[in-house]
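Next come the chains, spelled out residue by residue.
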Amino acid sequence: MTTITTRTVEYSADNLTMTGHLALPAGTERRPAVLIGPEGTGLGDVERRRADALAELGYVALAFDLHGGRYLADPEEMLARCMPLLADPDRMREIGRAALDVLRAEPRADPDRTAAIGYGTGGAIALELGRDGVDLRAIGTVNGLITGRPGEAARIRCPVWAGVGSEDPIMPPAQREAFTTEMEAAGVDWRLVVYGGALHAFHHPTVDHTVLPGVGHHPRHAQRAWHDIVALLAECVPVTD
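Residues numbered from 1 in each chain as written. Predicted model: local features only at pLDDT ≥ 70, side-chain atom pairs only at ≥ 80, totals over all residues. Heavy atoms only, no water.

## Some points on the nonpolar core
Ranked by internal contacts, the top residues of the largest apolar core, which has 41 residues, are Leu 35, Phe 64, Leu 103, Leu 136, Ile 139, Ile 156 and Val 160. Ile 36, Leu 43, Leu 232 and Val 237 belong to the second-largest nonpolar core, a separate cluster that totals 26 residues. (Core = buried A, V, L, I, M, F, W, Y, C linked by side-chain atoms within 4.5 Å. Buried < 20%, exposed > 50% of the residue type's maximum accessible area, 1.4 Å probe, protein only.)

In structure tokens:
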């Protein structure tokens, strides 16, 4: 296993002090960089491990924070914060840009070779960075097929990959259709993978706290979705020695 280095980084966004998880690959040279957005519950060990896994593949990876260092295990508290956030593209962009600035300021990160991926709310933020015209090489979103303001998807300048469970009641077929219609109308290079039989947050291992109805882990599809994201990065921001 490749030796990696990790550290906690603090930065300001959304009137909060955010606490992100930065993972660096072995070596000293610059590497492509990946921003990782968490589910609505916030930054947890799952996203930290994904950042570490990307660092092992040679990427500089930052898993960013949503709630000022807090993990919102209570569904009502999570929805009370995330629903207004998801309805406010400018707030989402502020959170995403603040984290992206931290990532791009890292000396090991190549600021011209950056991708953004995310899950749920974090995936919606990755998409909003694209709609804001941020220079990204790829966007990947799982369970975050949120449509944007009219016409703004035309600012997306990179391929977009999206994954969703076929049985996800939070991202139902009508939401999928709205998302794909938006991407197609904007001329985006987009792909949508529907994972059969999977619920919302199918990629996330089972947790020991209460979750929303329609949420459930699907181990096989979770692995497939991760492989699909890694393939997206290998295509759009390959690691070269």
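## A closer look at the side chain of Asn 143
Within the secondary structure layout, Asn 143 lies in the loop between β6 (138-142) and β7 (160-165). A distance of 3.5 Å separates a polar atom in the side chain of Asn 143 from a polar atom in the side chain of His 203. (Helix = DSSP H or I, 4+ residues; strand = E, 2+ residues; numbered from the N terminus. Polar contact = N/O pair within 3.5 Å; in protein donor to acceptor, adjacent residues only side chain to side chain.)

## What to know about the layout of surface pockets
Of the pockets and cavities examined, the largest pocket occupies roughly 560 Å³. Taken together, 34 residues form the lining of the largest pocket, with Glu 39, Met 78, His 200, Leu 212 and Val 215 sitting closest to its centre. Elements supplying a minimum of two residues to the lining of the largest pocket: α2 (75-86) and α4 (121-131). Per element, the largest residue contribution to the lining of the largest pocket is six residues, and it comes from α2. Grouping the constituent residues of the lining of the largest pocket by class yields 19 nonpolar, 13 polar and two charged. Quantified by volume, the second largest pocket comes out at close to 210 Å³. Contributions of two or more residues to the lining of the second largest pocket are made by α1 (45-56) and α6 (219-236). The biggest single contributor to the lining of the second largest pocket is α6, with five residues. Across the lining of the second largest pocket, the residue classes break down as eight nonpolar, three polar and two charged. (1 Å grid on protein atoms, 1.4 Å probe; cavity = no way out; pocket = protein on both sides within 12 Å on 5 of 7 lines; lining within 4 Å. Points joined across faces, edges and corners; volume = space filled by probe spheres on them. Nonpolar A, V, L, I, M, F, W, Y, C, P; charged D, E, K, R; others polar.)

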